[in-house]
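Working through the structure, step by step
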Amino acid sequence: MIKLVQVEKYFRGRPALSIAAYTFERGGRYALMGPNGSGKSTLLRLLAGVLRPDAGEIRVEGLAADAIGYMPQFPYIFGFSVLKNVLIALPAGGAERRTARAAALQALERLEIGHLAARPGGTLSGGEKQRLALARMLVRPRQLLLLDEPTSSLDRAGTLLAEQVLAECARQGCALVMASHDQGQAQRLARTVLLFESGRLAGEDQF
Ligand SMILES: Nc1ncnc2c1ncn2[C@@H]1O[C@H](COP(=O)(O)OP(=O)(O)OP(=O)(O)O)[C@@H](O)[C@H]1O
Ligand SMILES: [Mg+2]
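This write-up is about the structure you can find in this document. From a predicted model like this one, the values you see are computed outputs, not experimental measurements.

With respect to the helices and strands, glycine 69 occurs in strand E5 (residues 68–71). As for glycine 69 and arginine 200, which are separated by 131 residues in sequence, their C-alpha atoms are 24 Å apart.

What follows is about a nonpolar patch on the surface. Where nonpolar side chains cluster on the molecular surface, the patch consists of Tyr76, Phe78 and Ile88 and spans about 310 Å² of accessible area. Note on isoleucine 88: relative accessible area 42%, which makes it partly exposed.

Moving on, we come to the coordination of the magnesium ion (ligand 2). Distances from the magnesium ion (ligand 2) to its protein donors, Ser41 (OG) and Gln73 (OE1), fall at 2.0 to 2.3 Å. Residue serine 41 is located in helix H1 (residues 40–48), and its partner glutamine 73 is located in the loop between E5 and helix H2 (82–87); the two are separated by 32 residues in the primary sequence. Note on glutamine 73: relative accessible area 26%, which makes it partly exposed.

Following the criterion strictly, the structure yields five aromatic pairs and no others. Summarising the aromatic geometry, the rings of tyrosine 22 and phenylalanine 24 are spaced 5.0 Å apart at their centres and angled 65° between planes, so their arrangement reads as edge-to-face. Phenylalanine 24 carries the same exposure label as tyrosine 22, and that label is buried. Aromatic side chains phenylalanine 24 and tyrosine 30 sit 4.8 Å apart centroid to centroid with 80° between the ring planes, which places their arrangement in the edge-to-face category. Summarising the burial analysis for this pair, phenylalanine 24 and tyrosine 30 share the class buried.

Judged from the nine bridges that link them, strand E1 (residues 2–11) and strand E2 (residues 14–24) form a sheet pairing that is antiparallel. Within E2, the position partnered with tyrosine 10 by the bridge is proline 15. Between E1 and E2, which pair antiparallel and follow one another directly, the connecting turn spans two residues, one of which, arginine 12, has a positive phi of 50°.

This part covers the site of ligand 1. In the vicinity of ligand 1 there are 14 residues, among which Gly37, Lys40, Ser41, Thr42 and His181 approach most closely. In this structure, asparagine 36 approaches ligand 1 through a side-chain N or O atom, which is 2.9 Å from an oxygen atom. Within the backbone of serine 38, an N or O atom sits 3.1 Å from an oxygen atom of ligand 1. The leading source of residues in the shell around ligand 1 is H1, at four residues. The residue makeup of the shell around ligand 1, split by class, is three nonpolar, eight polar and three charged.

With that settled, the discussion passes to the pattern of salt bridges. This model, assessed by the stated rule, comprises seven salt bridges. A salt bridge links arginine 140 to aspartate 66; the nearest nitrogen and oxygen atoms lie 3.2 Å apart. Placement of arginine 140 in the loop between helix H4 (126–138) and strand E6 (144–148) and of aspartate 66 in the loop between strand E4 (55–60) and E5 is noted, with a sequence separation of 74 residues between them. A salt bridge links aspartate 182 to arginine 188; its shortest N-O distance comes to 3.9 Å. Residue class for aspartate 182 comes out partly exposed when judged on its relative accessible area of 32%. Overlapping salt bridges bring together Glu163, Asp182 and Arg188 as one network.

Scoring rules and cut-offs
Residues numbered from 1 in each chain as written. Chains lettered and ligands numbered in written order. Predicted model: local features only at pLDDT ≥ 70, side-chain atom pairs only at ≥ 80, totals over all residues. Heavy atoms only, no water. Helix = DSSP H or I, 4+ residues; strand = E, 2+ residues; numbered from the N terminus. Patch = residues over 30% accessible without salt bridge, like charges linked within 9 Å, V, L, I, M, F, W, Y side chains within 5 Å. Areas by Shrake-Rupley, 256 points an atom, 1.4 Å probe, with all protein chains shown as cover. Salt bridge = Lys/Arg side-chain N within 4 Å of Asp/Glu carboxyl O. Buried < 20%, exposed > 50% of the residue type's maximum accessible area, 1.4 Å probe, protein only. Donors = N, O, S within 2.8 Å, 3.2 Å for Na, K, Ca; no water. Phe/Tyr/Trp six-rings, centres within 6.5 Å; stacked < 30°, edge-to-face > 60°. Pairing = 2+ DSSP bridges. Near = heavy atom within 4 Å. Polar contact = N/O pair within 3.5 Å; in protein donor to acceptor, adjacent residues only side chain to side chain. Nonpolar A, V, L, I, M, F, W, Y, C, P; charged D, E, K, R; others polar.

Right, here's the structure in full:
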């Protein structure tokens, strides 16, 4: 699905990520773990295409761009309404407007923030913003979800809800690549754990 070959990323001359070769398989469930600054977000940004490697190649095969959902570590929430924050992830065609609105509301309800639909995005709490970012990513069908610590601001119930929603996507065949500091979460959601240390892939566990 996505193949990395000799990928290098530097920031101000310092290596942030270096991966000789790795392939993310279709339908796989990967957790990226490792200390702060070890390169997890950098890898997700490279996979999402928001960063380009300084060397090497990232080959994406058989995935349409709009089938890839990316949730950054600090998702951007616009100041307009929560509902519109979700609608921007959908095509804006005239005939599709009604179904888009229904789909957006359904996504918000799935994350249990349907009651916030009319609120300005900027007024949400940290956890509510994270739920909104999940709803926005999940409002259209995806084949790959790139998730950067997607539950870091969620309470216990919100974390379990998000994990249920992600597991449901995975059951439908969607691949997951998720950075997490939570070993339990990695074991609940992932089948492969990639351990990063100082920008390098230091270990791989399957379960
Ligand atoms: N835009 C940037 N400019 C300079 N340095 C950067 C930039 N982005 C990342 N870095 C550096 O690259 C390294 C890897 O950062 P990255 O965000 O990938 O870490 P991470 O594993 O996601 O950490 P965390 O667990 O804290 O989220 C860090 O040393 C970080 O300071
Ligand atoms: Mg990070």
